[in-house]
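What the coordinates show
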Amino acid sequence: MNFPVLSIITFIPMVAAAIMLLMPAQRKNETRAVALAAATLALILSIWVYFNYDQATAGYQFIERYNWLPALGISLYFGVDGMSTPLVMLTGVVMFTGVLISWGDDDKHVMAGIQDRPREFFAFLFILASGVFGVFVSLDLFMLFFFYEIAVFPMYLLIAIWGWVQTREYAAMKLTLYLFIGSVVSLVGVLAMFWVQYQNTGLLTFDMLQMEKAGFSQAFQYIWFLPVFLGFAVLGGIWPFHNWSPDGHVAAPTAVSMFHAGVLMKLGAFAALRVGVMLLPEGAKQWSWLIMIFAGVAVVYGAYIAFVQMDLKYMIGFSSVSHMGLVMLGFSTLNRAGLTGAGVQMFSHGVMTALFFAITGMIYDRSHTRQIPELGGMSKIMPFATVGFIIGGLVSMGMPGFSGFVAEFPIFMGVWRVQWLVAVIASISIIITAAYIMRNIRQVFFGDMPAKLEGHMTDVTILDKVAITTLCLLMIIIGLFPSFMVPMVEKGVENILRLLGGA
Amino acid sequence: MFTSTMFASILPEILILTIAMLILVVEPFWKEEKRRNVGWLTAGGLLAAMVISFLFGQPGDPITTLGGMVRFDWLGFFFKMLFMFAGAATALLFMDSEKVGHRGEAYLLLLASLLGMNLMAVSADLVMLYLAIETTSIPLYVLAGFMLGDAKSTEAGFKYLLFGALTSTVMLYGFSLVFGFSGTTDIYQLASMFQAGSLSIGSALGVLALIVVGLGFKVSIVPFHFWAPDVYEGSPTPVAGFLSTASKAAGFAVLVRLFFVAFPSFAPSWTLAFAILAAITMTVGNLLALPQTNIKRLIAFSSVAHAGYALIGVVALTQLGAASVVFYLAAYLATNLLAFGIVMAFSRVTGLEDIKDYSGLSRRSPALGLMMLAAFLSLAGMPPFGGFVAKVFVFAAGIQAGYLWLVIVGILNSIIGVYYYLNVLKYVYLYRMPEQDEENHLIPLSRPYAIALAVLVIGVILIGTVFAPWFSWSDAAAMNLF
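Rules of the game
- Residues numbered from 1 in each chain as written.
- Chains lettered and ligands numbered in written order.
- Predicted model: local features only at pLDDT ≥ 70, side-chain atom pairs only at ≥ 80, totals over all residues.
- Helix = DSSP H or I, 4+ residues; strand = E, 2+ residues; numbered from the N terminus.
- Expected span 1.5 Å × (residues − 1).
- Buried ≥ 20, exposed ≤ 12 C-beta atoms within 10 Å, placed from the backbone.
- Contact = placed C-beta atoms within 7 Å.
- Nonpolar A, V, L, I, M, F, W, Y, C, P; charged D, E, K, R; others polar.
- pLDDT = per-residue confidence, 0-100.
- Axes fitted to C-alpha atoms, helices over the stretch in contact; angles between N-to-C directions.
- Left-handed = near helix turned anticlockwise from the far one by under 90°.
- Pairing = 2+ DSSP bridges.
- Parallel < 35°, antiparallel > 145°, perpendicular 65-115°, else oblique.

What follows is about helix H19 (residues 486-500) of chain A. Residues and elements named next belong to chain A. Look at H19: 20 Å from first C-alpha to last across 15 residues, which is about the 21 Å you get at 1.5 Å a residue. Of all the positions in H19, only Met-488, Val-489, Glu-490, Lys-491, Gly-492, Val-493 and Ile-496 are classed as buried. On its buried face, H19 sits against helix H3 (84-102), helix H10 (254-279) and helix H13 (336-367).

See below:
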């Protein structure tokens with residue numbers, strides 16, 4: 001048995017959460033220090049995994065397996081492939097930057113970060129992070145589901161307690177119910193798969209690699225693909241089940257928005273891919289047209305709704321719907337280019353949107369408004385954040401040289417090969433995105449500063465700068481050196497294509 | 001002749017009786033203000049009894065002993081352990097309960113009903129079974145109305161008595177009919193007679209309906225649930241906790257043994273009826289929980305709904321089904337005891353029981369707030385707490401047996417559940433006290449409560465994460481039914 005790095009990554013946040021909850025409530029800075037230490041450790045380990053993943057052998061690596069409940073074939077079975085390795089690193093990055101952003105600035109004008117009960121905040125956030133890591137590394141369907149639910153429920157508390165006063169109760173409940181309904185629908189499908197595979201093979205196991213060979217009949221796959229895929233895809237923000245997502249973003253505190261858009265939505269997409277597409281490939285082929293329509297609508301519609309938003313966070317929330325639509329669009333192509341693009345897009349969008357929400361949070365903490373017309377002239381006060389936002393905007397538009405291009409170009413290529421019309425329609429979104437990002441940069445950062453804000457604004461803190469730099473660097477690295485990530489994702493895609501049969 | 005097997009088969013009961021005797025002897029000599037310590041004696045004694053039974057009273061292959069009265073098997077043993085655990089926790093919760101804790105009779109009655117429950121879990125004979133059920137119920141009637149001079153408590157006790165007496169009479173009538181047309185009261189003999197086809201199924205179904213009335217009351221299946229909210233609300237909180245967990249689990253122990261052993265030969269006819277009952281129970285329980293404003297009534301209706309979920313495992317009528325019921329009950333028992341324990345700890349200090357009174361609890365006592373979080377998320381079926389795994393197992397058993405519709409009903413219901421459980425947590429975590437001065441209204445935990453609640457929280461988390469040992473015990477228990 002090698003060094004059990006994946007289970008350490010998965011359980012670090014959980015352990016840290018337990019430690020924090022046992023600390024006295026007044027020790028705010030000590031709590032934050034524990035949080036930062038745990039996040040740093042998880043980040044370092046996840047980067048280590050990324051660089052030590054052997055692309056030559058591909059397949060699942062860093063495998064660990066402990067029998068958990070042999071009677072029902074449940075095991076703690078961890079391993080990562082080319083698809084999940086980047087996502088593990090993404091989670092590490094978002095967790096690290098999320099802690100930095102939430103550290104807080106006690107300046108009376110600012111009150112940034114989390115001042116009220118940081119102990120509970122970081123504990124819940126870290127329980128969520130554990131769940132996210134767990135989903136990305138689980139190769140056991142039961143455990144995947146277990147971690148999936150762990151990742152969902154802290155959101156309620158995080159949004160309801162620390163969120164934006166005006167909508168937090170509504171948004172938190174809406175989000176939880178949407179996600180819970182989605183997950184239980186998938187659960188029925190998962191249990192049905194479990195028993196059918198038992199009937200077919202006589203093996204009582206939740207091992208997904210085993211279930212791939214279960215030989216589900218075509219009729220079974222046709223029936224169950226949609227509930228399973230869509231149930232998970234709710235969390236991926238697929239149209240028409242995306243409505244919870246922007247509301248949730250707006251109501252959530254900054255770090256939670258980062259997690260929500262940066263990682264949680266990837267969780268939904270990833271689980272939909274791993275359980276829906278990979279275990280029920282025939283169903284995926286049968287229904288890919290429907291997914292493509294849903295995703296296509298999400299891409300254009302999300303971008304258009306983002307365009308008309310006046311609230312900065314709603315704008316980014318809907319742009320997330322649009323970008324996650326591109327991920328789903330990549331899935332629906334079921335070909336190499338599309339899937340590879342979707343894999344990179346998951347990472348790229350995660351970093352980009354985390355950056356957007358982080359900067360929006362910094363602005364809101366200082367100006368106490370998110371209405372775009374009420375903002376202006378931020379570039380003079382916080383030049384560092386301005387540069388960050390512009391880089392994020394370029395990624396969002398899909399500019400060459402940044403990660404967005406590396407992700408979106410293959411997706412459109414893949415879609416074109418399946419149905420050129422969809423590619424044409426979906427590409428409209430790029431123009432709309434460019435429009436609202438440009439408009440936003442001009443108004444918020446370079447426009448005239450409203451008199452109301454004069455004198456209230458301060459620059460971002462050093463911790464914020466570290467976070468912004470980390471996120472920007474990643475996007476530029478992938479944009480300039482696609483070989484940093486694309487070949488790895490391709491290894492994961494090959495496995496999916498094998499399951500889909502040929503190609 | 002009294003063999004060592006016979007002795008082992010009722011070892012826990014002998015030990016319980018010993019503790020009861022000890023209390024009777026010691027209590028009169030203690031001063032009024034020290035009487036509360038009987039709780040330590042009871043809880044400690046029960047824990048010791050559990051350990052001793054575990055060491056010396058483990059069953060081997062299932063056999064029937066003591067003149068065919070008692071079945072000595074893992075099913076009974078596992079349930080006994082659950083009951084004694086619940087009894088120990090309840091005794092600790094009794095200690096600081098006003099009008100209850102300082103009176104030795106309370107602990108004595110608790111032990112008496114515990115004795116009855118243990119025998120319910122192992123009865124192999126209808127006569128024995130009936131006696132055990134009454135031994136359980138009568139002390140509980142008294143306990144429910146234990147708070148002298150409290151109108152609600154008196155009402156609770158009386159209501160419980162009336163409902164209990166009525167339903168148990170109906171059940172007794174059913175038992176006597178069984179004896180009438182089969183000539184035996186032995187459950188295992190009945191099973192073989194049904195299998196051989198020497199008894200008519202039509203009349204058996206009628207009898208079954210009568211028996212379901214009695215057991216349905218115990219486990220609070222709709223339409224026999226009316227007593228639950230009123231009784232839980234009125235009776236002393238720890239008693240309500242005991243009623244909703246151990247007493248319900250005892251009902252399920254009988255239900256599982258009777259229906260899995262004696263009546264499986266004409267299964268499709270009654271499993272369908274049970275499936276419908278389960279669906280109605282879940283739905284009614286959850287829908288009625290939605291508008292509740294009193295926390296005890298909310299938990300009461302939620303516990304009705306939980307009986308419905310557990311029933312899915314009975315409907316499945318497979319080994320996994322039985323194992324999942326047992327597992328579900330273990331998880332539910334720890335969770336609901338925890339919930340009632342928190343309610344008790346809260347109302348002991350504040351004297352309040354409305355959901356809105358829980359505003360700001362997470363600031364008044366962060367520990368209590370976190371425990372409430374654990375309890376309610378476990379009830380809602382969220383990992384890493386026991387409720388999640390339990391629910392998944394029950395649903396898995398349901399799907400395996402082909403009851404997809406029932407599982408879908410269960411899932412719709414758990415969505416309703418999430419809504420109202422989260423609603424309570426909203427008060428705990430989100431809302432604040434009217435003056436926002438929570439730091440002046442801290443809620444201290446007395447030592448017995450701290451111990452009981454800590455053990456229960458750890459139990460709920462352990463069941464939900466390290467579920468293999470619990471499941472294999474449940475599975476071993478279930479194996480004895482086939």
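A few words now on the environment of Tyr-449 of chain B. Residues and elements named next belong to chain B. You can see Tyr-449 is positioned in helix H19 (residues 447-465). With 21 C-beta atoms packed within 10 Å, Tyr-449 lands in the buried category. Each C-alpha atom, one on Tyr-449 and one on Asp-354, is 20 Å from the other, the two residues being 95 residues apart in sequence. Residue contacts for Tyr-449: discarding those within four places in its chain leaves Leu-93, Asp-96, Gly-341 and Ala-345.

With that settled, consider the interface of chain A and chain B. Contacts between the two partners involve 25 residues from chain A and, on the opposite side, 27 residues from chain B. The set of elements that each furnish at least two residues to the side of chain A that touches chain B consists of strand S1 (61-69), helix H5 (141-162) and helix H6 (168-201) of chain A. Counting residues per element, the side of chain A that touches chain B draws most heavily on H6 of chain A, at 12 residues. A class-by-class count of the residues in the side of chain A that touches chain B yields 22 nonpolar, 1 polar and 2 charged.

Attention now moves to the confidence of the model for chain B. Per-residue pLDDT for chain B averages 90, and the proportion of residues at 70 or more is 100%. Predicted complex metrics record ipTM = 0.88 and pTM = 0.92.

Residue and element names in this part refer to chain B. At their nearest, the axes of helix H13 (residues 295-316) and helix H17 (residues 386-400) sit 8 Å apart, and the two run at 35° to each other. In the crossing of H13 with H17, the sense of the turn from one axis to the other is left-handed. In contact with Tyr-309, Ala-310, Ile-312, Gly-313, Val-315 and Ala-316 of H13, H17 contributes Lys-391, Val-394, Ala-397, Gly-398 and Gln-400. For the contact of H13 with H17, a count of residues per class yields 7 nonpolar, 3 polar and 1 charged.

Residue and element names in this part refer to chain A. The pairing of S1 with strand S2 (residues 74-80) spans 6 bridges and is classified as antiparallel. The residue bridging Tyr-66 from the neighbouring strand is Leu-76, located in S2. Between S1 and the antiparallel strand that follows it, S2, lie 4 residues; Gly-73 among them carries a positive phi value of about 65°.

Let us look at helix H2 (residues 11-26) of chain B. All names here are of chain B. Between its first and last C-alpha atoms H2 spans 22 Å; for 16 residues at 1.5 Å apiece the expected length is 22 Å, and the two agree. Among the residues of H2, those classed as buried are Leu-11, Pro-12, Glu-13, Leu-15, Ile-16, Ile-19, Ala-20 and Ile-23. Residues of H2 that are buried make contact with helix H1 (4-9), helix H3 (38-56), helix H4 (74-94) and helix H5 (104-122).

Okay, the packing of helix H11 (residues 237-262) of chain B against H13 of chain B next. Residues and elements named next belong to chain B. It is the contact of H11 with H13, at a shortest axis distance of 11 Å, that shows an interaxial angle of 15°. Between H11 and H13, the interaxial angle falls into the category roughly parallel. The way H11 lies across H13 gives a crossing that is right-handed. The segment H11 lies against H13, with Thr-237, Ala-240, Ser-244, Lys-248, Phe-252, Leu-255, Val-256 and Phe-259 engaging Lys-296, Ala-300, Ser-303, Ala-307, Ala-310 and Val-314. Classifying every residue of the contact of H11 with H13 by side-chain character gives 9 nonpolar, 3 polar and 2 charged.

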